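# Topology and contacts: notes
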Amino acid sequence: MTNQANFAFFLDQLYENAVLSFRETEEGRLWQEKRKQMELACDCMLTEEQMDFVTDCFDLLLQADAQEACYIYRKGICDSVAILKWLGVLA
């Protein structure tokens, strides 16, 4: 693995740990519960074809949000390093 690949892997692991940590919080549990309630409501209100469409839509939205959040997380880390360098904390 190259240094860049190692760094990317490291950042991915940091992000995954942050996501898992959030899911263990009260706020994270509340969002998961709301999502389960929404899925149950959709199961009752939609036909199978409609449910497939809605599931595809939500999957796409979740993937897009995850990619955006990952980018923002990485950008925040890089910005933090740049600030620490500017402050002289890092060489």
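In this report, the structure presented in the accompanying data block is examined. Since the structure is predicted, the reported quantities are computational estimates derived from the model, not experimental observations.

The rules we used
Residues numbered from 1 in each chain as written. Predicted model: local features only at pLDDT ≥ 70, side-chain atom pairs only at ≥ 80, totals over all residues. Heavy atoms only, no water. Helix = DSSP H or I, 4+ residues; strand = E, 2+ residues; numbered from the N terminus. Buried < 20%, exposed > 50% of the residue type's maximum accessible area, 1.4 Å probe, protein only. Areas by Shrake-Rupley, 256 points an atom, 1.4 Å probe, with all protein chains shown as cover. Lys, Arg positive; Asp, Glu negative; His and termini not counted. Charge placed at Lys NZ, Arg CZ, Asp CG, Glu CD. Axes fitted to C-alpha atoms, helices over the stretch in contact; angles between N-to-C directions. Parallel < 35°, antiparallel > 145°, perpendicular 65-115°, else oblique. Left-handed = near helix turned anticlockwise from the far one by under 90°. Contact = heavy atoms within 4.5 Å. Phe/Tyr/Trp six-rings, centres within 6.5 Å; stacked < 30°, edge-to-face > 60°. Lys NZ or Arg CZ within 6 Å of the ring centre and 35° of its normal.

Along the backbone of the protein chain there are three helices and zero strands. Secondary structure of the protein chain in N-to-C order comes out as α-α-α. In terms of principal-axis extent, the alpha carbons of the protein chain reach across some 60 × 30 × 20 Å. Residues classed as buried in the protein chain amount to 8% of the 91 residues present. Of the accessible surface of the protein chain, which amounts to about 7,800 Å², a share of 62% is contributed by carbon and sulfur atoms. Distance between charge centroids for the protein chain: 11 Å, based on 8 positive and 16 negative side chains.

Two numbers describe how helix H1 (residues 3-23) lies on helix H3 (residues 48-86): the axes approach to 10 Å, and their chain directions differ by 115 degrees. In terms of orientation, H1 lies roughly perpendicular with respect to H3. Here H1 runs over H3; the crossing is right-handed. Where H1 approaches H3, its residues Ala8, Leu11, Asp12, Leu14, Tyr15 and Ala18 are matched on the opposing element by Ala66, Ala69, Cys70, Tyr73, Arg74 and Ile77.

As a further point, take the packing of aromatic side chains. In the structure shown here, the tally under the stated rule is one aromatic pair. Taken together, a centroid distance of 5.7 Å and an interplanar angle of 70 degrees make the contact between tyrosine 15 and tyrosine 73 edge-to-face. Within this pair, whereas tyrosine 15 is found in helix H1, its partner tyrosine 73 is found in helix H3, the two being separated by 58 residues in sequence. Overall, tyrosine 15 belongs to the buried group, its relative accessible area being 13%. Cation over ring: lysine 34 sits above tryptophan 31, and NZ or CZ is 4.9 Å from the ring centre.

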